Amino acid sequence: MSNRRIETAIRGPQAYELARRALEQMQAAGVWPTPLNFELWLHYVGDPQGALGQEIERLLSNRQPFSEAAAEDLAARYLSLTRLSDEICDAGAVLNRELSTVSQVIADAQSSQKAYGETLAVASNQIETAEAADGLASVVRSLSAATEKVGGETAALERRLEDSVQEVSRLRAHLELVRRDAMTDALTSLANRKAFDETLEQACAEAGRSGAPLTLAVIDIDHFKRFNDTWGHQTGDQVIRYVASVLGRIAKVPRTAARYGGEEFALIFPGETPEVVADALNQVCKEIASRQLRRRSTNHDLGTVTVSAGFASLRADEAPTALIERADQALYASKRGGRNRVTDARLLDGQQAA
Ligand code: C2E
């Protein structure tokens, strides 16, 4: 069921039934009735066989706790896509309308030109047979009237065409905003998971073609759960925003910084060597750990947060998922090694070989 159909269904005769079933199933699964979870469950109940429904089904059957991070991840992957496809449907309808206007304008222009041509042909005959000045004057008058008429019609058609051109360019600007929105993580304004997946895939393909280096880093906030439990989700969100702001500052094009899920981030470094990446990540760790955070509502000292990072460089013919896996292993090595540090996946290769 598309977003629009959900929107229609929750205002239609089956509205309360759908909402009730969603809440019942959330309660049965021990899922908090947050607005986001409720939206996800409306889609699940409305279309259990859809991609989102199937994914929720899979998470529940694995008996995994349905965390906020899981909800955000699902929303980024499926709801933004659904919204995007609804917007595309709207755009399609506007384009259709504008295209029929343009076709009508062209048809009207053709018939106006045809009528003018016929008037000219008649006038030409009349000129040949006109005997007196009076006859000629009458032909000239009718020609002048026909010219004026076609001129007026052409001006009106031009105005209609101009309106269509403006409508289409408004639509293009709106679609660009929607596309950016669908690719952006709402909390941090970094690229979201979907944008990350697409960017990494393209970057891997490009590096495979050009042979240029490509490095992927994954970064995770240390002891985030403890922080959240102590200070609450709102302060936890601020910490996520803080880490994101530091990552965003170093992620100048062609680098990409993304929120990968919950408190985990990813950075793509196209064309950069592992040594440069290691320097950048060490700098990030240092900067994040150096800031004394304050709880804005009470001015409580929150202390500092640290992050751990791991990175891996693309190998020949390596799939993006394998690259992520190696960067993840390097991240976990940083966690095991005491956190607030950066690990190069090549070190793990050495350890495995030894
Ligand atoms: P934000 O609250 O929207 O702040 C955006 C930027 O405004 C900050 O970027 C910083 O440059 C400036 N700013 C806002 N409030 C203050 C302030 O009280 N003192 C100073 N010196 N500058 C301020 P920045 O530092 O990169 O932080 C990005 C986001 O990270 C912030 O967004 C906020 O969500 C979070 N954050 C950073 N530091 C703290 C903190 O100490 N406590 C809390 N609760 N959140 C923080």
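Up top is the structure.
Model, not experiment: these values are computed from the prediction. (Residues numbered from 1 in each chain as written. Predicted model: local features only at pLDDT ≥ 70, side-chain atom pairs only at ≥ 80, totals over all residues. Heavy atoms only, no water.)

### Things to note about the overall build of the protein chain
Okay, so step 1: Helices and strands together make up the secondary structure of the protein chain, namely 12 helices and 7 strands.
Okay, so step 2: Taking 20 Å as the expected radius of gyration for a compact globule of 354 residues, we find that the protein chain reaches 31 Å, considerably beyond that expectation.
Okay, so step 3: Its C-alpha atoms give the protein chain principal-axis dimensions of roughly 110 × 55 × 45 Å.
Okay, so step 4: Within the protein chain, the fraction of its 354 residues that count as buried is 38%.
Okay, so step 5: Put simply, of all contacts in the protein chain between residues at least 6 apart along the chain, 63% involve residues at least 24 apart.
Okay, so step 6: Carbon together with sulfur atoms contributes 54% to the accessible area of the protein chain, which is approximately 20300 Å² in total.
Okay, so step 7: The centroid of the 41 positive side-chain charges in the protein chain is displaced by 7 Å from the centroid of its 49 negative side-chain charges. (Helix = DSSP H or I, 4+ residues; strand = E, 2+ residues; numbered from the N terminus. Rg over C-alpha atoms; globule rule 2.2 N^0.38 Å. Buried < 20%, exposed > 50% of the residue type's maximum accessible area, 1.4 Å probe, protein only. Contact = heavy atoms within 4.5 Å. Areas by Shrake-Rupley, 256 points an atom, 1.4 Å probe, with all protein chains shown as cover. Lys, Arg positive; Asp, Glu negative; His and termini not counted. Charge placed at Lys NZ, Arg CZ, Asp CG, Glu CD.)

### A closer look at the site of the ligand
Okay, so step 1: The ligand sits among Gln238, Arg241, Tyr242, Ser245, Arg249, Arg291, Leu293, Arg294 and Arg296.
Okay, so step 2: Between the ligand and Arg291 there is a distance of 2.6 Å, counted from an oxygen atom to a side-chain nitrogen or oxygen.
Okay, so step 3: Residue Arg294 places a main-chain N or O atom 2.4 Å away from a nitrogen atom belonging to the ligand.
Okay, so step 4: In isolation the ligand offers 760 Å² of accessible surface; the protein chains occlude 55% of this area.
Okay, so step 5: Of all the secondary structure elements, the ones that give two or more residues to the shell around the ligand are helix 9 (233-250) and strand 4 (293-294).
Okay, so step 6: The dominant element in the shell around the ligand, judged by the number of residues it contributes, is helix 9, at 5 residues.
Okay, so step 7: Looking at side-chain class alone, the shell around the ligand contains 2 nonpolar, 2 polar and 5 charged residues. (Near = heavy atom within 4 Å. Polar contact = N/O pair within 3.5 Å; in protein donor to acceptor, adjacent residues only side chain to side chain. Nonpolar A, V, L, I, M, F, W, Y, C, P; charged D, E, K, R; others polar.)

### Some remarks on the pattern of salt bridges
In a structure, side chains of opposite charge can pair up when their charged atoms sit close to one another.
Okay, so step 1: Evaluation of the coordinates by the stated rule reveals 25 salt bridges.
Okay, so step 2: For Glu55, the salt bridge identified is with Arg58, shortest N-O distance 2.8 Å. Placement of the pair is Glu55 and Arg58 together in helix 4 (residues 51-61), with a separation of 3 residues, close to one helical turn.
Okay, so step 3: Note that Glu275 and Arg346 form a salt bridge whose closest N and O atoms lie 3.2 Å from each other. Placement of Glu275 in helix 10 (residues 274-290) and of Arg346 in helix 12 (residues 345-353) is noted, with a sequence separation of 71 residues between them.
Okay, so step 4: In this structure, a network of salt bridges that share partners links the residues Arg97, Glu98, Glu167 and Arg170. (Salt bridge = Lys/Arg side-chain N within 4 Å of Asp/Glu carboxyl O.)

### Some points on the side chain of Asp220
Okay, so step 1: Counting through the fold element by element, Asp220 comes out in strand 1 (residues 214-221).
Okay, so step 2: With a relative accessible area of 10%, Asp220 lands in the buried category.
Okay, so step 3: Among the polar contacts listed, one links the side chain of Asp220 to the side chain of Lys335, at a separation of 2.7 Å.
Okay, so step 4: When near neighbours in sequence (up to four residues on either side) are disregarded, Asp220 contacts Glu263, Glu264, Thr306, Val307, Ser308, Leu331 and Lys335.

### What about helix 9?
Okay, so step 1: Its 18 residues give helix 9 an end-to-end C-alpha distance of 26 Å, which sits within 8% of 26 Å, the value for a rise of 1.5 Å per residue.
Okay, so step 2: All buried positions along helix 9 are accounted for by Thr235, Gly236, Val239, Ile240, Tyr242, Val243, Ala244, Val246 and Leu247. (Expected span 1.5 Å × (residues − 1).)

### Comments concerning the packing of aromatic side chains
Okay, so step 1: By the definition in use, this model includes 3 aromatic pairs.
Okay, so step 2: Between the aromatic rings of Trp41 and Phe66, the centroid separation amounts to 4.9 Å while the plane-to-plane angle is 90°, which identifies the pairing as edge-to-face. Within this pair, whereas Trp41 is found in helix 3 (residues 35-46), its partner Phe66 is found in the loop between helix 4 and helix 5 (68-129), the two being separated by 25 residues in sequence. For the pair formed by Trp41 and Phe66, the shared burial category is buried.
Okay, so step 3: Ring geometry for Phe196 versus Tyr260: centroids 5.2 Å apart, planes at 85°, classification edge-to-face. Within this pair, whereas Phe196 is found in helix 7 (residues 193-210), its partner Tyr260 is found in strand 2 (residues 256-261), the two being separated by 64 residues in sequence.
Okay, so step 4: What makes Phe196 buried here is its relative accessible area of 0%.
Okay, so step 5: Here the aromatic cluster, defined as three or more aromatic residues joined through ring pairs, consists of Trp41, Tyr44 and Phe66.
Okay, so step 6: The positively charged end of Arg193 is found above the aromatic ring belonging to Tyr260, 4.4 Å away from the centroid. (Phe/Tyr/Trp six-rings, centres within 6.5 Å; stacked < 30°, edge-to-face > 60°. Lys NZ or Arg CZ within 6 Å of the ring centre and 35° of its normal.)

### What to know about the pairing of strand 3 (residues 264-270)
Okay, so step 1: Within strand 3, 6 of the 7 residues are buried, which leaves the element mostly enclosed by the surrounding structure.
Okay, so step 2: Two strands pair when backbone bridges link them, and strand 1 and strand 3 are joined in this way by 7 bridges, in the antiparallel orientation. By the bridge assignment for strand 3, Leu214 is matched with Pro270.
Okay, so step 3: Examined bridge by bridge, strand 2 and strand 3 share 5 bridges and lie antiparallel to one another. Each residue of the ladder has a partner; that of Gly261, found in strand 3, is Glu264.
Okay, so step 4: Counted between consecutive antiparallel strands, the loop separating strand 2 from strand 3 contains 2 residues, among which Gly262 sits at a positive phi close to 30°. (Pairing = 2+ DSSP bridges.)

So yeah, pure geometry; function would need other evidence.
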